[in-house]
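# Observations on the three-dimensional arrangement
Take a look at the letters that make up each chain.
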Amino acid sequence: MKQAGRYDWMWVLLLSAAVVFLSFPALMLHPNSTLSPIGGDCIINSFTAQFYLQYNSGVHMNRMNYPFGEHLSFADAQPGLMVPFHWLSSVFPQLKGYSVAYFNYAVLAGPVLGSTSIYLLLKEYQANRLMSIVGALAITFLSPQVFRMESHYGLSYLFAVPLGWYLFLKAERTLHMGWAVATVLCISWTGLLHFYLAAITCLFLLGYTFFSTLFAWKKSTAKEQLIRWGIPVISLLLLQGFMKLTDSVADRPSKPWGFFTALADWETVFRPHASDFLVQAALEPGILNEGFAYIGCVPILFLLALILFYLAHLLLKKQSTFLTPLSNADVRFLVSASCLLLFSMGIPFIWNLEWLTDKISFLKQFRGLGRFAWAFYYCSSVFAVVALSRWYNLIQTAKLKKLFAGFITLCLLAWITEAGWRMKTVHHWNGHAQRNYLLFMGNNYQTLLKGSGVFPNRYQAILSLPYHHIGSEKFALDQWPSPYYAMKAALQTGIPSLNVMLSRTSLSQSCLQMQLTGDTLLKKELLSSLHPQQPLLLITSKNSVLSASEQSLVNQSRFLATDGEVTFYETPVSAFEQRTAVVKEQFRNRGQQLHLQPGYYTSATAEVAILKYFDSTRNLANRAMINRSTSKRPLLLDTILYNRNAGDTLSVSLWLEIEPEKDELPVLLLSERHKGKEVGSAQFPSKVSRDVVGRRIRVSGDYILQQPGSRLIVSLHTGSLYSNLLIRKKGVNVFAVAGTNEFLFNNLPVKWN
């Protein structure tokens, strides 16, 4: 086997391009009229990029989260690609019509550049020629990032880690500042494709640098240390500086939700996917675990052999290059990747050390922890090729050399088969690419509206119901496919959308957005930021289930057009105004229309409600909350329900403080017990509530009693600040005084002056 040739990288590039072409011929031949899958993250990544290219500039897009918009990085719009293309389109206007092609080719270029980067990395390690070529292709097309080519496109650029690693090696070995600057610029740029790409690369290099400093300090020059530490640190600082200069939002969540929810584990790393060649239990990938990073059969064999050889080396206490095929520097890279693998599994935090994440708060910036296993994937795979190459070169006997060459051939065949099968699995995306484009990018909505005499410039924003809001970390109102219709209409008409499908959105903006479709009794603070005379374009979809407040909006809207799947309405801004006249009238005439109970009024005679943590001397916004923020599971109520029958429906509500420093809102827990046994339970998540007043939110829900005279236990799943627990029979209205000019109607504040 020969050492890698000078121009072999061109063969790798061409071969990988051929694999991409065979896997996605429709996208390659018709890039401007095809789209990958159009569900969930797939369509939001495509939408934000396309909308930015058509309607926005700079690093901000205003076509979602209206009227605020969002920074490109938090919209997954890949500013590292979209900003340059937007600039090119301004210089060469004819390019603007090819934005879809640009987007598709950028994603498809990921594996091509990835295989070339991996080959150059193997060449830098002086691996054999054939093994470098085949290994580069196998590592590329078995990469867990291949699955991202159909959804989270910003994470699909699998060249990021190997290219950053290769450039780092060149800088470290040559000590040339030009290589160091190139590495910093490359890593920083990949961070503008998706921050995780830069974070994974930087933490991988920082781990190597740390162990090099710890164990090889005396052998390193000051310049070596400067380059090692400078590259990852400066890269991260540049990204941080970019965000500081370009992002004006001051209240993004500092501790995003989900640190422990998207972890890797031993199965996701060392067991093939259900659709892979060695399992074949499924035809398609399906829902993919965030921590999926199966390294392949050959790297697994390499790691097992490496462990056995190193154990033999320690036991025999004999120097042997065959037993230790990796240099000390190689081992430091592998140890760094192994540490990141443990980190991706939540180790050591999952060992009852969750409190450490609060002490080291920057860790909670990462909610897709499993993605850090990708560094281990690339590192173990690259060193598998390097070790096999070195072992082969160490064998002197011709017969043994042939036998080992046969073994290597079998390994490469198995490896390339796994990679080929992976691409066969993802090939099915190609079959629907043109249909997806027609479904999402076709001008059917625009044509439908124009046919009804409706023109987009009349409307200030789109609102698709049921309302969907994902992005603030505190709220998670998932109402798919409502955002799909909003994005499709927005892209075709140019009208911005009030719906939100972003990440780490401003807390104050999210509170305003959620409140807009909240109960009709609430004053909608967002209205002050809308044009009062310019209506909204309202969208509802077939078979959608609307809340009472959403149905009220539809009832006040004017029908425009329908295609059988979606219906368009014109909604005046005045439709969002408070509707309090009826309850105010009832409260004014409470002596005649309501029934007095101890501390409150009800609409039914002798109907007793449970009111706890109420304060009749202060209105809701000013009253002090019960502070159980540090408690693990605060108990709110434990009582026997007298005069209640099986089948009665209880309406439960509670006000909570939205604490910015917490990574999630509490879940209200209800447990019904009868004769010592739990006979029923319910969970009411705060994150879906739209009843927001300032930084306080009302969580509510209904529960059907299973037994008469049961014991009811109400608690929160985590600590919080809370007040005003109300439990009433559904259909019975409860009025309670709250200060001098406010009363509560079913736990909702109403000004009565």
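As a reminder, the structure under discussion sits directly above these lines.
Quick look at the structure, then. (Residues numbered from 1 in each chain as written. Predicted model: local features only at pLDDT ≥ 70, side-chain atom pairs only at ≥ 80, totals over all residues. Heavy atoms only, no water.)

### Quick word on the sheet that holds strand β17 (residues 677–685)
Taking strand neighbours across the sheet as the criterion, the four strands line up as β14-β20-β16-β17 in an open arrangement whose pairing is antiparallel. Two strands close off the open sheet at either side, each with one partner strand: β14 (635–640) and β17. Going from strand to strand, the sheet's axes swing by 15° on average, the running direction of each strand aside. As paired elements, strand β16 (residues 667–674) and β17 share eight bridges and run antiparallel to each other. In the strand pairing of β17, Leu-669 is matched with Gln-683. (Pairing = 2+ DSSP bridges. Helix = DSSP H or I, 4+ residues; strand = E, 2+ residues; numbered from the N terminus. Axes fitted to C-alpha atoms, helices over the stretch in contact; angles between N-to-C directions.)

### So, the sheet that holds strand β5 (residues 476–477)
In space, the three strands of this open sheet follow the order β5-β4-β6, with mixed pairing throughout. Two strands bound the open sheet, and with one partner strand each, they are β5 and β6 (500–501). One ladder, built from two bridges, connects strand β4 (residues 469–470) with β6; its direction is parallel. Bridged to His-469 within β6 is Val-500.

### Section: the environment of Leu-463
Within the fold, Leu-463 resides in strand β3 (residues 461–465). Looking at Leu-463, the relative accessible area reads 0%, which means it is buried. Here the alpha-carbon distance between Leu-463 and Pro-483, two residues 20 residues apart in the chain, equals 9.2 Å. (Buried < 20%, exposed > 50% of the residue type's maximum accessible area, 1.4 Å probe, protein only.)

### Examining the pattern of salt bridges
Counted according to the given criterion, the structure contains 18 salt bridges. Across the pair Arg-698 and Asp-691 runs a salt bridge whose closest N-O atoms are separated by 2.9 Å. Among the ionic contacts, a cluster of salt bridges with common partners joins Glu-70, Asp-247 and Arg-252. (Salt bridge = Lys/Arg side-chain N within 4 Å of Asp/Glu carboxyl O.)

### So, the packing of aromatic side chains
By the definition in use, this model includes 38 aromatic pairs. An angle of 55° between the planes, with centres 6.2 Å apart, marks the rings of Trp-480 and Tyr-484 as tilted. Look at Trp-480 and you get partly exposed, because its relative accessible area is 35%. Take Tyr-484: its relative accessible area is 10%, and that puts it in the buried class. The rings of Tyr-125, Trp-165, Phe-168, Phe-204, Tyr-208, Phe-333 and Phe-383 are connected pair by pair, giving a single aromatic cluster. Lying across the ring of Tyr-392, Lys-401 places its NZ or CZ 4.3 Å from the centre. Above the plane of the ring of Phe-587 lies Arg-590, whose end atom (NZ or CZ) is 4.1 Å from the centre. (Phe/Tyr/Trp six-rings, centres within 6.5 Å; stacked < 30°, edge-to-face > 60°. Lys NZ or Arg CZ within 6 Å of the ring centre and 35° of its normal.)

### Details of unusual backbone geometry
Note that the residue after Ile-347, namely Pro-348, is joined by a cis bond; omega there is 10°. Structurally, the position occupied by Pro-348 is in the loop between α13 (328–344) and α14 (355–359). Cis geometry marks the peptide bond from Trp-480 to Pro-481; its omega dihedral reads 15°. Note on placement: Pro-481 falls in the loop between β5 and α20 (482–493). Phi at Asp-76 is positive, roughly 55°, even though this residue is not glycine. In this fold, Asp-76 is placed in the loop between β2 (70–71) and α4 (79–91). Classification of Asp-76 as buried rests on a relative accessible area of 19%.

### Digging into the side chain of Glu-172
Positionally, Glu-172 belongs in helix α7 (residues 160–174). A polar contact of 2.7 Å, which involves the side chain of Glu-172, links it to the side chain of Arg-228. (Polar contact = N/O pair within 3.5 Å; in protein donor to acceptor, adjacent residues only side chain to side chain.)

### Brief notes about the nonpolar core
If you look at the biggest cluster of nonpolar residues, it comprises 203 residues, and the most contacted ones within it are Trp-165, Phe-333 and Phe-383. By residue number, the principal contributor to this core is helix α15 (residues 373–394), which donates 16 residues. Residues contacting Phe-383, with those up to four places away along its chain left out, are Tyr-125, Trp-165, Phe-302, Leu-326, Asp-330, Phe-333 and Leu-334. Formed by 13 residues, the second largest nonpolar core is a distinct cluster that contains Val-583, Tyr-601, Trp-655 and Phe-735. (Core = buried A, V, L, I, M, F, W, Y, C linked by side-chain atoms within 4.5 Å. Contact = heavy atoms within 4.5 Å.)

### Comments concerning the environment of Asn-643
Relative to the elements of secondary structure, Asn-643 occurs in the loop between β14 and β15 (649–657). C-alpha separation for the pair Asn-643 and Ser-541, spaced 102 residues apart in sequence, amounts to 43 Å.

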